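So the chains spell out like this:
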Amino acid sequence: MKQVLVISDVPVFKVNAGNRKCIKEYCDVLKELGANVTMLLISNHNTDKNDIKETESYFGKENFILYKSNFVEEVIHSFIMHFRKYVSKNNYRIDDLCHINILYFIRKTTQKKHFDSVIVNYLYYSKILDYCKTKIKALFVHDDYIFNNIRFNRNYFSLMPNDEAKGLQRAPFILAIQENEAILYNYLAPKSSVLCVYSPFKYIKQKINHNNNILFFSGCNAWNIEGITFFIDKVIPLIKNQFNLLIGGKICEILKKKTLASNIILCGVYDNPNTFYQQGDIVINPVFNGSGLKIKTFEALAYGKITVVHKHSSIGIYKKESSPLFIADNEEDFAKILDKILSYGVDRKLYQEQAKRYIDDYNFHIIMQYKKILGTE
């Protein structure tokens, strides 16, 4: 049985964010492939204790290692964060957040226990790879950070290209979450093996409703709010057919403060998104900004829904040209596509079958990438 060590400063549970879901899902894939997976969680005083307990419960005591930052480390961390934010305009150096005590702890841990492979999450922990005593070393990047503060005009963690390249070049294997980022990493780390692993989504077949509900399920980050606001303000006035827009998730807490038309229904938070998606056949992803994996796009396809997205929310997806997505460049495109669907110009059963084939192919691709990490390809 292959022994895999996964290192992260993000707990797996509760699965209330895309990065947590991503880590949990690929750990599940590794387990399904027969690996024994151990989680090493880097924590500090801000890490929720219940999240630590739930993560430990998921992996089991024998397969869970906790590193707790000490007071001195947290003071240094806080100083660096403030300095980079206010003096360096959020331009960090690659190893700013990777303290020496963490490196020694991981070296000691990997010397004591035999691991065949290690997967380090996040570029700013790439130096850990130099201290791991394992045969196969991989870096799961999650996001690229080059000029984040300029690209998104916000106070985000940013790296200069030379710093991002330095971190990437430490990794024999680089795990990218979407195709465009994989292309970038191939240029920045030409000697590394770059694998596009995305994040697995289990296909869940649901009954076709044959109604005119349009669904949007989301958290409440700024990009999601901007996306649905664009749809409400710009697209809805152009749609000719009758419909209801059902919105689910934490974003409802923000939208309830606005005056909305009667056909826009805030459904609130769901413990299980399955329940929300059962209410219709059509899903939108109007988000037009952000980075990383387009989770809402893949999630909608994994439920077999007719999926209409802003062109941004198709960037870097698996086999984009052969995907069953409807992609809109602007509000006029969005309205025309939705009117066609609402007028039953799309065979909903046939689309559901196409979505299933796409997701099955997508998940098979992911499994093959992780076999390379296990050395079992």
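The structure this text deals with has already been given above.
Residues numbered from 1 in each chain as written. Predicted model: local features only at pLDDT ≥ 70, side-chain atom pairs only at ≥ 80, totals over all residues. Heavy atoms only, no water.

## Topic: the overall build of the protein chain
When its secondary structure is counted, the protein chain shows 13 helices and 15 strands. Its C-alpha atoms put the protein chain at 65 × 50 × 40 Å along the principal axes. Out of the 377 residues belonging to the protein chain, those deemed buried represent 55%. Within the protein chain, residue pairs in contact and separated by at least 24 positions form 68% of the contacts whose partners lie at least 6 positions apart. For the protein chain, the computed accessible surface area is about 17,500 Å², with 52% contributed by carbon and sulfur atoms. Side-chain charges of the protein chain comprise 50 positive and 38 negative groups, with the mean position of each set lying 3 Å from the other. (Helix = DSSP H or I, 4+ residues; strand = E, 2+ residues; numbered from the N terminus. Buried < 20%, exposed > 50% of the residue type's maximum accessible area, 1.4 Å probe, protein only. Contact = heavy atoms within 4.5 Å. Areas by Shrake-Rupley, 256 points an atom, 1.4 Å probe, with all protein chains shown as cover. Lys, Arg positive; Asp, Glu negative; His and termini not counted. Charge placed at Lys NZ, Arg CZ, Asp CG, Glu CD.)

## Re the nonpolar core
Residues I128, L245 and Y370 are the most contacted members of the largest nonpolar core, which totals 117 residues. Look past the residues within four positions of Y370 in its chain and what remains in contact with it is Y26, V29, L30, L33, I119, F140, L175 and V197. Core analysis: the next-biggest nonpolar cluster, separate from the first, contains eight residues, L215, F217, L246 and V283 among them. (Core = buried A, V, L, I, M, F, W, Y, C linked by side-chain atoms within 4.5 Å.)

## Brief notes about helix α6 (residues 161-168)
Residues of α6 that are buried include every one of D163, E164, A165, G167 and L168, and no others. Residues of α6 that are buried sit in contact with β4 (91-92), β6 (136-140), β7 (158-159), β8 (173-176) and α7 (179-188).

## Here's the deal with the pairing of strand β3 (residues 64-68)
Where strand β2 (residues 36-43) meets β3, five bridges bridge the pair, whose relative direction is parallel. The partner of M39 across the bridge, within β3, is F64. Running through helix α2 (residues 49-59), the crossover from β2 to the neighbouring parallel element β3 is right-handed. (Pairing = 2+ DSSP bridges. Right-handed = clockwise from strand over helix to strand, strands pointing away.)

## A short note on the packing of α6 against α7
One can describe the packing of α6 onto α7 by two numbers: an axis separation of 9 Å at closest approach and a directional angle of 85°. Between α6 and α7, the angle falls in the class roughly perpendicular. Seen from α6, the contacting residues are P161, E164, A165 and L168; seen from α7, they are L184, Y185 and L188. Of the residues belonging to the contact of α6 with α7, the class tally is six nonpolar, no polar and one charged. (Axes fitted to C-alpha atoms, helices over the stretch in contact; angles between N-to-C directions. Parallel < 35°, antiparallel > 145°, perpendicular 65-115°, else oblique. Nonpolar A, V, L, I, M, F, W, Y, C, P; charged D, E, K, R; others polar.)

## Looking at a nonpolar patch on the surface
Side chains of F71, V72, V75 and I76 sit close together on the surface and give an oily, nonpolar patch of about 410 Å² of accessible area. Mapped onto the elements of the fold, V72 is located in helix α3 (residues 71-86). (Patch = residues over 30% accessible without salt bridge, like charges linked within 9 Å, V, L, I, M, F, W, Y side chains within 5 Å. Salt bridge = Lys/Arg side-chain N within 4 Å of Asp/Glu carboxyl O.)

## Focus on the sheet that holds strand β5 (residues 117-121)
Spatially, β3-β2-β1-β5-β6-β8-β9 is the arrangement adopted by the seven strands of the open sheet, whose pairing is parallel. Lying at the two open borders of the sheet, with one neighbouring strand each, are β3 and β9 (193-196). The average undirected angle you get between the axes of adjacent strands in this sheet is 20°. As paired strands, β8 and β9 are joined by four bridges and run parallel to one another. When the bridges of β9 are listed, I174 appears paired with V194. Sheet strands in contact with helix α1 (residues 18-32) are β1 (3-8), β2, β5 and β6, and its direction is about 175° off that of β1.

## Considerations on the packing of aromatic side chains
Tallying each qualifying case throughout the model produces 32 aromatic pairs. For the ring pair Y270 and F276, a centre distance of 5.5 Å and an interplane angle of 65° mean the geometry is edge-to-face. A network of ring pairs unites the aromatic residues Y92, Y122, Y124, Y125, Y145 and F157 as a single cluster. For K21, the ring lying beneath its charged end belongs to F201, and the centroid distance is 3.8 Å. Here the guanidinium or amino end of K31 rests over the ring plane of Y58, the centre of that ring lying 3.9 Å away. (Phe/Tyr/Trp six-rings, centres within 6.5 Å; stacked < 30°, edge-to-face > 60°. Lys NZ or Arg CZ within 6 Å of the ring centre and 35° of its normal.)

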